[in-house]
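What the coordinates show
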Amino acid sequence: MKEWTIEERYRVLEDPEQIRDLYEQVSRSPYRQEYHVQPVTGLLNDPNGFIWHKGTWHLFYQWCPWGAVHGLKYWYQVQSEDLVTWKNVGVCIRPDMEMDNMGAYSGSALAAKDAVCLVYTGNHRDEDWTRRPNTCLVKMYDDGRASKLPWPLFGPHPAYTEHQRDPKIIYSPERKKYFIILGAQNKARRGCALVYESPTLADGWQFAGALKVPGFEDFGEMWECPSIEHIGNKDVLLFCPQHIYLPRRGAATSHSGYVLGTMDWDTLTFQPDGSFHVLDFGFDFYAAECAANLEGEDYAILTAWMGLPDGDYPTDDEGWQGCLTLPRELTVRDRRLIQRPLPELVDLRDGEVNPSDGTLPPVCEMELMISEGPFELLLFTKNGEGGMRISYNDAFRMITIDRSGMINRFNTEQEEIREHLIANPLSHMRIFIDHSSVEIFVNDGDAVFTSRVFPTEEENGFILTPNANGRIWKLRPAVKDDFVV
Ligand code: FRU
């Protein structure tokens, strides 16, 4: 595996031609996706600035162009009319000023009168590598032009550590105020979120206080990518607590999850109604973000990084890593989030195949109706052996996924099994398979399991217990993988 020097990781991209050869190399990978957003070259991590604006979905991702490494981060933009087909638009935010000299880190979007406002963390480092995270603003006008405010909205708060980042911008029409929620870490090294407020977007920002979340004062070492959404009469605090172990999550220490509750913006208190829930029970899911500016409030649209902060993946040697999950629809039911695939995905179906020969097309959707009893599905078997095992213990209502039977094994130090207890008996699954991912929606959105997998050409079989009936459709490509930088 390549060892990267600091100079290589933080090299400035001056001309797209500098990465054309890498793009050609990456394009030849058998693991390039057909209907998931993926990096042109290099590494993709968090989704950023997801917003519906004037008939178009704008989405950005954290991008390091040079290879499968976390280095100088750009905001790369993609667009869609329907959330299913996506095209590459190119770089939108460059780390080209002193305030963001070591990366344009994660952030969010808000629709304003004349533009979409993108708020992000300018990751500044001094010569001695001391970090100073700045909260910065870019306006993206309707003609696509982006203009950066050449100074930060505000700098780091001295009472917290250098880990202050990932602004989520929210407008409160009742208070005629903007709020920014920032992921942070206090001096006792516990995770928290900070709140800033201002009557205007481009200036007047004041520190309002730390968000109070009773019962969550000691929950992880840093909260990355926090956000508060309003879905169906409930407020939802989404965040990624770092460096904690959770039951049935193997040795993983970074988790993307949520707490339902009620937000009081006057006292800056998020009163939880229930415990922390992991958003997705698969292996590779982090930094989830909901789209801003939806019409109506009874649902949200969420996407996430299909990857993990400390992961190595089999495509690293090919010069790329990471992709985004399918956007999914969120609603609240029984004090939990329900996550369903978007109805528009049905349009990707491109011919049904006969499931009886046990062969899996490399890009497909599988739907299973499952009757009582224990259940097992092996995906990506080779001559009837190995593969990824998805099993259900009906006595405990426990779903187990195990990818240790795959030929290409990776991130094994985070362990290869995840388990989850489901609320109702297993009856239904919709499984979306792309060249290097699998997303399993259980019982109409009760639970989702999202994972990267890198099957070899021969790992193309599946085996199902007789208590399940399956249908399989091939899916057509929906992501244009053009070289736009
Ligand atoms: C989460 C994260 C964010 C940060 C970004 C940098 O994966 O660490 O906290 O802004 O990635 O790429």
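Above this text is the structure in question.
Our subject in this report is the structure included herewith. All values derive from a computational prediction rather than experimental measurement.

Scanning the chain from N- to C-terminus turns up 2 helices and 33 strands. At 22 Å, the chain has a C-alpha radius of gyration in line with the 23 Å of a compact globule built from 485 residues. Considering only C-alpha atoms, the chain reaches an extent of 65 × 50 × 40 Å along its principal axes. Surface summary for the chain: the accessible area is close to 19,100 Å², and the carbon and sulfur share equals 48%.

Once that is clear, we can look at unusual backbone geometry. The backbone of Lys176 shows a phi angle near 50 degrees, a positive value even though the residue is not glycine. Among the structural elements, Lys176 can be located in the loop between β9 (160–172) and β10 (177–186). For Asn443, which is not glycine, the phi dihedral falls at a positive 45 degrees. Looking at the secondary structure, you find Asn443 in the loop between β30 (437–442) and β31 (447–452).

Residues Leu379, Ile399, Met429 and Ile431 are the most contacted members of the largest nonpolar core, which totals 53 residues. Among all residues touching Ile431, those that are not within four sequence positions of it are Cys364, Glu365, Met366, Leu368, Leu377, Leu379, Val438, Glu439 and Ile440. Counting residues in each nonpolar core, the second largest holds 44 residues, with Val78, Leu83, Tyr286 and Leu294 among its members.

A few words on helix α2 (residues 20–27). Along α2, the residues classified as buried are Leu22, Tyr23 and Val26. Looking down the long axis of α2, one finds its buried residues gathered within 100 degrees of arc, a one-sided arrangement.

Along the polypeptide, Asp126 turns up in the loop between β6 (115–125) and β7 (131–141). Along the sequence, Asp126 and Thr200 sit 74 residues apart, while their C-alpha atoms lie 30 Å from each other. Polar side-chain contacts of Asp126 include one of 2.8 Å to the side chain of His124.

Summarising the element assignment, Arg28 is placed in the loop between α2 and β1 (42–53). Under the relative-accessibility criterion, Arg28 is labelled exposed at 64%.

With that settled, the discussion passes to the state of the cysteines. Applying the stated rule across the entire model yields 0 disulfides. Of all cysteine sulfurs in the structure, the one in Cys323 sits closest to Cys64, which takes part in no disulfide; the separation is 17 Å.

Here the focus is the site of the ligand. Inspection of the region around the ligand gives Asn45, Asp46, Gln62, Lys73, Tyr105, Ser106, Arg165, Asp166, Glu224, Tyr286 and Trp305 as its neighbouring residues. One of the backbone N or O atoms of Ser106 is found 3.1 Å from an oxygen atom in the ligand. Take Glu224: an N or O atom from its side chain is 2.8 Å from an oxygen atom of the ligand. Considered on its own, the ligand offers 320 Å² of accessible surface; in the complex 91% of this is hidden by protein. For the shell around the ligand, the per-class residue count stands at 3 nonpolar, 3 polar and 5 charged.

With that settled, the discussion passes to the sheet that holds strand β20 (residues 320–321). What the 5 strands build is an open sheet, ordered β4-β3-β2-β1-β20; its pairing is mixed. Where the open sheet ends on each side, the last strands, each with one partner, are β4 (87–93) and β20.

There is a patch of like negative charges on the surface, built from Glu98, Asp126, Glu127 and Asp128. One can find Glu127 in the loop between β6 and β7.

Read across the open sheet, the 6 strands follow the order β23-β33-β24-β29-β30-β31; overall the sheet is antiparallel. Whereas interior strands pair on both sides, the edge strands pair on one side only; in this sheet they are β23 (349–353) and β31. Taken pair by pair, the neighbouring strands of this sheet meet at an average axis angle of 20 degrees, ignoring direction. Bridge count between strand β24 (residues 364–370) and strand β33 (residues 468–475): 7 bridges; the pairing is antiparallel. The partner of Ile370 across the bridge, within β33, is Ala468.

Another aspect to go through is the side chain of Ser436. Following the sequence through the fold, Ser436 ends up in the loop between β29 (428–434) and β30. Classification of Ser436 by relative accessible area gives buried; the value is 0%. At 2.8 Å, the side chain of Ser436 and the backbone oxygen of Tyr31 are in polar contact. Look past the residues within four positions of Ser436 in its chain and what remains in contact with it is Tyr31, Gln33, Trp320, Ser451, Arg452, Val453 and Phe454.

Calculation rules
- Residues numbered from 1 in each chain as written.
- Predicted model: local features only at pLDDT ≥ 70, side-chain atom pairs only at ≥ 80, totals over all residues.
- Heavy atoms only, no water.
- Helix = DSSP H or I, 4+ residues; strand = E, 2+ residues; numbered from the N terminus.
- Rg over C-alpha atoms; globule rule 2.2 N^0.38 Å.
- Areas by Shrake-Rupley, 256 points an atom, 1.4 Å probe, with all protein chains shown as cover.
- Core = buried A, V, L, I, M, F, W, Y, C linked by side-chain atoms within 4.5 Å.
- Buried < 20%, exposed > 50% of the residue type's maximum accessible area, 1.4 Å probe, protein only.
- Contact = heavy atoms within 4.5 Å.
- Arc of directions from axis to C-beta.
- Polar contact = N/O pair within 3.5 Å; in protein donor to acceptor, adjacent residues only side chain to side chain.
- Disulfide = S-S within 2.5 Å.
- Near = heavy atom within 4 Å.
- Nonpolar A, V, L, I, M, F, W, Y, C, P; charged D, E, K, R; others polar.
- Pairing = 2+ DSSP bridges.
- Patch = residues over 30% accessible without salt bridge, like charges linked within 9 Å, V, L, I, M, F, W, Y side chains within 5 Å.
- Salt bridge = Lys/Arg side-chain N within 4 Å of Asp/Glu carboxyl O.
- Lys, Arg positive; Asp, Glu negative; His and termini not counted.
- Charge placed at Lys NZ, Arg CZ, Asp CG, Glu CD.
- Axes fitted to C-alpha atoms, helices over the stretch in contact; angles between N-to-C directions.

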